[in-house]
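# A look at the structure
Next come the chains, spelled out residue by residue.
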Amino acid sequence: MAFDSIFKADLFQGQTVIVTGGGSGIGRCTAHELAALGARVILVGRKPEKLQNVTAEILEDGGHASGLACDIRDEEAVKALVSQVIEEHGPIHGLVNNAGGQYPSPLASINQKGFETVLRTNLVGGFLMAREVFNQSMSKHGGAIVNMLADMWGGMPGMGHSGAARSGMDNFTKTAAFEWGYAGVRVNAVAPGWIASSGMDTYEGAFKAVIPTLREHVPLKRIGTESEVSAAIVFLLSPAAAFISGSTLRIDGAASLGSRAWPLHKAQPPSEPFNGFHRAYLPDVLKEEK
């Protein structure tokens, strides 16, 4: 089997694309789709074993991939990483700033270290990756960057540290798009809502118990798939988005819209999901509801 992408098979032939957080979840899915479309994918993450596993999957499927372990919060490490990619593979054509992480907590219980750690992971690390890819490569030949956000448009109660970081990344996306456009560099972002991804299995306690009920708060009455986020990322990296820059695409089934003054209708048959990822699996927390 192969990734069932809606895009043409040679869309990124001969191009090098970095995917941070490529060892699991949405990053893993995106890396697979890009490789299936001809890209040479560089997987970046902190855990070498995860990168090795996904690299092996892509190679088994006939794609081109390699993994480089790096803490994207470390400025000197990021500089060295980007330099190594260029030395080994030439110009960088695309960057998917997907790496991130957070934990549920009310604001009053988040200490300074915890708040700063999430901001460094979800905002500072993405900035460092984008800056170095631009300075060392894309400023000379152009390229496309896609940043990862989240549904933080009405605040992010229970994850205020992540909401602050993702909001900052939205503004960084706009600024970078304006400042770097002269070099032919496009910078956009995606903002997934509730997506059936391995990240759901990292939560415990009360938040875990809520996950199976999330679909009832989505107008489309379902949770999204990793493939639906990956497809949006691929589109924004592609020539079809050549005049799109500084935009954030919401992928949330309209869950971030409306208000409690307009209640959702009772459950109807949900919309049909798109799932082109042949290696996708349902998170355990969603299996438990069946």
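First, a word on scope: everything that follows refers to the structure included in this document. (Residues numbered from 1 in each chain as written. Predicted model: local features only at pLDDT ≥ 70, side-chain atom pairs only at ≥ 80, totals over all residues. Heavy atoms only, no water.)

## Points about the pattern of salt bridges
Working definition: two side chains of opposite charge can pair if their charged atoms are close together. Operational definition: Only one rule defines a salt bridge in this text: a Lys or Arg side-chain nitrogen within 4 Å of an Asp or Glu carboxyl oxygen. Runs of H or I in DSSP of at least four residues are treated as helices and runs of E of at least two as strands, each being numbered from the N terminus. Categorising residues by exposure relies on relative accessible area from a 1.4 Å probe, with only protein chains included: less than 20% of the type maximum marks a residue as buried, more than 50% marks it as exposed, and the intermediate range marks it as partly exposed.
A complete count under the given rule lists nine salt bridges for this structure. Where Arg279 meets Glu60, a salt bridge forms, and the shortest distance between an N and an O atom there is 3.7 Å. With Arg279 in the loop between strand 9 (248-251) and helix 8 (284-287) and Glu60 in helix 2 (residues 48-60), the pair connects residues that are 219 residues apart, well separated along the chain. We classify Glu60 as exposed; its relative accessible area is 65%. A salt bridge links Arg131 to Glu132; the shortest N-O distance between them is 3.0 Å.

## Topic: empty space enclosed by the protein
Heads up, the condition is: In this analysis a 1.4 Å probe is tested at points of a 1 Å grid over the protein atoms alone, and where it fits but cannot get out there is a cavity; an open set with protein on both sides within 12 Å along at least five of seven lines is a pocket; lining residues have an atom within 4 Å of a point. Grid points are joined across faces, edges and corners, and a volume is the space filled by probe spheres set on the points. The nonpolar class holds Ala, Val, Leu, Ile, Met, Phe, Trp, Tyr, Cys and Pro. Asp, Glu, Lys and Arg form the charged class, and all remaining residues, Gly among them, are polar.
Enumeration according to the criterion identifies one cavity of 30 Å³ or more in this entry. In terms of lining residues, the largest cavity is bounded by Thr20, Ile72, Asn97, Asn98, Ala99, Thr121, Asn122, Gly125, Gly126, Met148, Arg166 and Met169. Residue assignment for the lining of the largest cavity shows that the elements contributing at least two residues are helix 4 (112-141) and helix 5 (160-180). For the lining of the largest cavity, the per-class residue count stands at four nonpolar, seven polar and one charged.

## Side note on the nonpolar core
Note the following rule: Nonpolar cores were defined as sets of buried Ala, Val, Leu, Ile, Met, Phe, Trp, Tyr and Cys residues, with membership established by side-chain atoms within 4.5 Å.
Formed by 43 residues in total, the largest nonpolar core has its most connected members in Ile18, Leu95, Met138, Ile145, Trp180 and Val185. Elements supplying a minimum of two residues to this core: strand 2 (40-45), helix 3 (75-89), helix 4, helix 5, strand 6 (185-192) and helix 8. A per-element tally of this core places helix 4 first, with six residues. One finds Leu11, Val19, Ala39 and Ala241 within the second-largest nonpolar core, a separate group that totals 30 residues.

## Some details on the packing of helix 1 (residues 25-36) against helix 2
Pairs of packed helices are described in terms of their axes, by the angle between the two and the distance that separates them. Rules: In this analysis, axes come from line fits to C-alpha atoms, helices being fitted only over the stretch in contact, and the angle between any two N-to-C directions falls in the range 0 to 180 degrees. Under this scheme an angle from 65 to 115 degrees is roughly perpendicular, one under 35 degrees roughly parallel, and one over 145 degrees roughly antiparallel; angles in between are oblique. The hand of a helix crossing depends on one turn: near helix anticlockwise from the far one by less than a right angle means left-handed, and clockwise means right-handed. Residue contacts follow a heavy-atom distance rule, with two residues in contact if any of their heavy atoms lie within 4.5 Å.
Where helix 1 contacts helix 2, the two axes come as close as 10 Å, and the packing angle between them is 30°. Viewed along their axes, helix 1 and helix 2 adopt a mutual orientation that is roughly parallel. Where helix 1 crosses over helix 2, the two elements pack in a sense that is right-handed. On helix 2, the residues touching Arg28, Ala31, His32 and Ala35 of helix 1 are Val54, Glu57 and Ile58. When its residues are assigned to classes, the contact of helix 1 with helix 2 shows four nonpolar, one polar and two charged.

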